[in-house]
Amino acid sequence: MYDTLIIGSGPAGMTAGLYAARANLKVGIIEQGAPGGQMNNTSEIENYPGYDHISGPELSMKMHAPLEKFGVENIYGIVKSIEDAGKIKRVITEDATYEAKTIILATGAKNRALGVAGEEEFTSRGVSYCAVCDGAFFRNQDLLVVGGGDSAVEEAGYLTQFAKSVTIIHRRDELRAQKILQDRAFANEKIKFIWDSVVKEIKGNDIKVSGVTVENVKTGEISEHEFGGIFIYVGVDPVSKMVENLGITDEAGWVITDDHMKTSIPGIFAVGDVRKKELRQITTAVGDGAIAGQGVYQYIENMK
C-alpha cells in the first residue's frame, strides 16, 4: 500500500514525488520509459530558471537524482487502467496491480500525428517526431519540418547541424513560435519556408521516405517536393486513455482539475501536460507537481 502512486516521471511527476516524499509519505512512480518525459526530446532548454541553457536529458537526470535519497520507489510498468474504490485506488499495469491512498496523474502528452497517407507506413523510415532522437541519422540530407509553433521552429534549428537544408512548412503565412525562435530561424541560411501549405501525402520507396505531396491552402495548387526525412510537430494530445472511464476528462481527453490539482474524484490529482490548461512548459509542470505533492499529504492527513 502506497500513500501515493504517481503515473509518469516527467518534470511534474518527479516534482510531485519529491514533495510527497519529503512529507514522509510512501511514494512510488510508475514509468514506462526514461525519467524526464518530453524533456528527453528537447535539445536545448533556455527558459528554465537557474540555467542559461541545458539539454533536456541533462535536466531530466538532475531532477531525478534527489528522488532516491528521499525513498521514492521507481516502478517500471505500462498502466492500462485506474480504479477508484473510495479510500483505496488501484493502478492496473500489464504485469501487476498496485494500491494507493492517492493517485497523481502525470502522464503528459504525446505528439499528434498528421493523419495523412504514408505517415504510418514510413514512421521510423524517414518520418520522425523527435529531432533529438533521430536527427543524426539524416546527415547531409534535405529535411522537412511540419508545423509553426515553438517545437517545430526550435527543432528545425537543431536539425541544421546535421542537414544539408531544413524546410519548414506551415499552413499559415506566419509562424506561431516565440519571437526569439522566429528570429533565429529567419537568420539561419539553412532554413527555408513553404507558407500557406499542408502536407497531403508522404511518399517513399521500399526502404524510406522520398518526399511529400503539398497543397497550397489558398490557391489549391498541388506540388511535389523531395526530402530525405520528415519531422512532424503539429501539436500534442493527452495521454489519458487509462482514465477515460473515470469521467475526469473533457471530450478531447485533457484531465480537468481545480487550482489545487484535484480532479472531481477525491484522492486523484493530475499535473503537468495532461491537465487542461493554457501553458504547457517545464516551469508550469514543476509548479503543478509541487502543489499536488503537498495536496496528497493534506488529503491523507484529513483521512485520519
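Residues numbered from 1 in each chain as written. Predicted model: local features only at pLDDT ≥ 70, side-chain atom pairs only at ≥ 80, totals over all residues. Heavy atoms only, no water.

(A) Quick look at the layout of surface pockets. One number sums up the size of the second largest pocket: a volume of about 250 Å³. As for the second largest pocket, its lining consists of 16 residues, of which Leu-114, Val-146, Arg-171, Val-198 and Val-234 are closest to the centre. If you tally residues by element for the lining of the second largest pocket, the top one is strand β12 (residues 197-204), at four residues. Taken together, the residues of the lining of the second largest pocket sort by class into eight nonpolar, four polar and four charged. (1 Å grid on protein atoms, 1.4 Å probe; cavity = no way out; pocket = protein on both sides within 12 Å on 5 of 7 lines; lining within 4 Å. Points joined across faces, edges and corners; volume = space filled by probe spheres on them. Helix = DSSP H or I, 4+ residues; strand = E, 2+ residues; numbered from the N terminus. Nonpolar A, V, L, I, M, F, W, Y, C, P; charged D, E, K, R; others polar.)

(B) Spatial organisation of the sheet that holds β12. Ordered in space as β12-β13-β14, the three strands form an open sheet in which the pairing is antiparallel. Among the strands making up the open sheet, the edge pair consists of β12 and β14 (222-226). Each strand of the sheet is rotated relative to its neighbour by a mean of 25°, with strand direction disregarded. (Pairing = 2+ DSSP bridges. Axes fitted to C-alpha atoms, helices over the stretch in contact; angles between N-to-C directions.)

(C) View of unusual backbone geometry. One non-glycine residue, Asn-24, lies in positive phi territory at about 70°. Topologically, Asn-24 is positioned in the loop between α1 (11-22) and β2 (27-31). For Asn-140, which is not glycine, the phi torsion reads 60° and is therefore positive. Here Asn-140 shows up in the loop between α4 (131-134) and β9 (142-146).

(D) Fine view of the side chain of Glu-155. For Glu-155, the location among the structural elements is in helix α5 (residues 150-159). Of the buried charged residues, Glu-155 lacks a salt bridge, with Arg-184 as the closest side chain of opposite charge at 10.0 Å. For Glu-155, the contacting residues outside a window of four places in its chain are Asn-41, Ser-43, Ala-131, Val-132 and Tyr-233. (Buried < 20%, exposed > 50% of the residue type's maximum accessible area, 1.4 Å probe, protein only. Lys, Arg positive; Asp, Glu negative; His and termini not counted. Salt bridge = Lys/Arg side-chain N within 4 Å of Asp/Glu carboxyl O. Contact = heavy atoms within 4.5 Å.)

(E) Broad picture of the side chain of Ser-9. When you line up the elements, Ser-9 lands in the loop between β1 (2-7) and α1. Of the residues examined, Ser-9 reaches a relative accessible area of 4% and is grouped as buried. In this view, Ser-9 contacts Met-14, Ile-29, Glu-31, Ala-34, Pro-35, Gly-36 and Gly-37; residues no more than four positions away in its chain are not counted.

(F) Inspection of the UniProt feature "domain: FAD/NAD(P)-binding" (unreviewed entry) in the chain at higher detail. According to UniProt, the positions carrying the feature "domain: FAD/NAD(P)-binding" (unreviewed entry) are residues 2-289. Taken end to end, residues 2-289 has its terminal C-alpha atoms 18 Å apart, with 21% of it in helix and 30% in strand. (UniProt positions renumbered as here; feature names shortened; annotations may be inferred.)

(G) Structural detail: the packing of aromatic side chains. Evaluated as defined, the whole model comprises five aromatic pairs. Judged by centre distance (5.6 Å) and plane angle (70°), the rings of Tyr-158 and Phe-162 are edge-to-face. Classification of Phe-162 by relative accessible area gives buried; the value is 11%. Pairing Phe-186 with Phe-193 gives two aromatic rings, centres 5.1 Å apart and planes at 50°, and the pair type is tilted. In this structure Phe-186 comes out as partly exposed when scored by relative accessible area, which is 45%. Assessed through its relative accessible area of 22%, Phe-193 is described here as partly exposed. Aromatic rings pair up to connect Phe-186, Phe-193 and Trp-195 into one cluster. Here Lys-26 stacks its cationic end above the ring of Tyr-2, 4.9 Å away from the centre of that ring. (Phe/Tyr/Trp six-rings, centres within 6.5 Å; stacked < 30°, edge-to-face > 60°. Lys NZ or Arg CZ within 6 Å of the ring centre and 35° of its normal.)

(H) Quick look at the pairing of strand β13 (residues 209-216). Among the eight residues of β13, six are classified as buried, and the element is accordingly described as predominantly covered. Bridge count for β12 against β13 is seven bridges, and the pairing is antiparallel. Opposite Gly-204, over in β13, you have Val-209 as the bridge partner. Counted between consecutive antiparallel strands, the loop separating β12 from β13 contains four residues. Two successive antiparallel strands, β13 and β14, enclose a turn made up of five residues, where Gly-220 displays a positive phi of approximately 80°.

(I) Up close: the nonpolar core. By size, the foremost hydrophobic cluster in this structure holds 28 residues, and its most contacted members are Leu-59, Met-63, Ile-104 and Ile-282. Listed by contribution, the elements that provide at least two residues to this core are α1, β2, α2 (56-69) and α7 (282-303). Top element by residues in this core is α7. It accounts for six residues. Excluding its chain neighbours within four sequence positions, the residues that come into contact with Met-63 are Pro-11, Met-14, Met-39, Tyr-48, Ile-282 and Val-286. (Core = buried A, V, L, I, M, F, W, Y, C linked by side-chain atoms within 4.5 Å.)

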